[in-house]
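Chain by chain, the residues run as shown.
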Amino acid sequence: MNAAPIGIFDSGAGGLTTLSACRRILPFENFIYLSDQEFAPYGNKSDSQIAERVFACSQRLLDLGCKAVVVACNTATNVGIKLLRTHFARPFVGLEPAVKPACEYAQQLDRPQIVLFCTQATARQEKFLALYQKYCAYPSAVVSPQKDLARLIENHLLCPEKIRGEVYKILTPYKNADIIILGCTHYILIQHLFQDFYLSQGRPVRVFHGNLGAANRLKYLLTQDSMLTPSQKPGKVCFM
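Residues numbered from 1 in each chain as written. Predicted model: local features only at pLDDT ≥ 70, side-chain atom pairs only at ≥ 80, totals over all residues. Heavy atoms only, no water.

### What about the state of the cysteines?
Right, so step 1: Here the structure, examined in full by the defined rule, presents zero disulfides.
Right, so step 2: In this structure cysteine 103 is a free cysteine whose sulfur lies 3.6 Å from that of cysteine 136, the closest cysteine sulfur available.
Right, so step 3: With a relative accessible area of 4%, cysteine 103 lands in the buried category.
Right, so step 4: Of all cysteine sulfurs in the structure, the one in cysteine 73 sits closest to cysteine 184, which takes part in no disulfide; the separation is 6.3 Å. (Disulfide = S-S within 2.5 Å. Buried < 20%, exposed > 50% of the residue type's maximum accessible area, 1.4 Å probe, protein only.)

### A word on the nonpolar core
Right, so step 1: Ranked by internal contacts, the top residues of the largest apolar core, which has 23 residues, are Phe117, Leu149, Ile180, Tyr187, Ile190 and Phe194.
Right, so step 2: Every element with two or more residues in this core is listed here: β5 (114-119), α7 (149-155), α8 (164-171), β7 (179-182), α9 (185-188) and α10 (191-200).
Right, so step 3: Contact partners of leucine 149, with chain neighbours within four places excluded, come to Val167, Ile170, Tyr187, Ile190 and Phe194.
Right, so step 4: In terms of nonpolar packing, the next biggest core, distinct from the first, is built from 20 residues, Leu34, Ile50, Cys66 and Ala76 among them. (Core = buried A, V, L, I, M, F, W, Y, C linked by side-chain atoms within 4.5 Å. Helix = DSSP H or I, 4+ residues; strand = E, 2+ residues; numbered from the N terminus. Contact = heavy atoms within 4.5 Å.)

### What to know about the pairing of β7
Right, so step 1: Judged by which residues are buried, β7 turns out to be covered on both faces: Ile179 and Ile181 on one side and Ile180 and Leu182 on the other are all buried.
Right, so step 2: As defined by bridge partners, β5 adjoins β7 across four bridges and the pair is classed as parallel. Bridged to valine 115 within β7 is isoleucine 180.
Right, so step 3: Direction of pairing for β7 relative to strand β8 (residues 206-208): parallel, over a ladder of three bridges. Across the sheet, residue isoleucine 180 finds its bridge partner in β8, namely valine 207. (Pairing = 2+ DSSP bridges.)

In structure tokens, the structure reads:
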């Protein structure tokens, strides 16, 4: 089992950012990355549809012999991670918006302006709302659910410049932000566009996302269960 691969899935390319973080933390592990492109994006689906896909993708990865699964999607995590942990006897790691570290950093600032961008499906989940309310006590903080941003990113992976104008329109109402939380792994693919916008406003905004936290959590669980690979050779990735 120790030599078995680790599964990672998302509705498209967003989870590749999570895969990158996991490979930095666990360079000797093998990974299988499953892109559920036919059902992308998850963020505008119903909870029942998302739960169905989360279960199907996890089952597929476990059937392929994965020793652990990373749900590399904030929306899928919020909707389905509890179901997965109840049904399957394998470690599951989910993605959550980096609300806690962002708000800890905010303590250094005077009246910080915080904006959390996520999908509509994430914004309505009790799990997300509980996390946000627990750590984000700033009255100026804002949650900004986006209907189509993940789809735009997925459709323009090879040329994100084409959506710079659309991204800037989204950000303009929040031009005074000090801290941005990217609550969707797709958004991390265009993090440079977020940063460019705020630099153009003379505001070097601080950007947070949950990839590093997920990667560290994965390493912790595999270490705790003595499931780390014994290999000292760089791991490989299989894409599906």
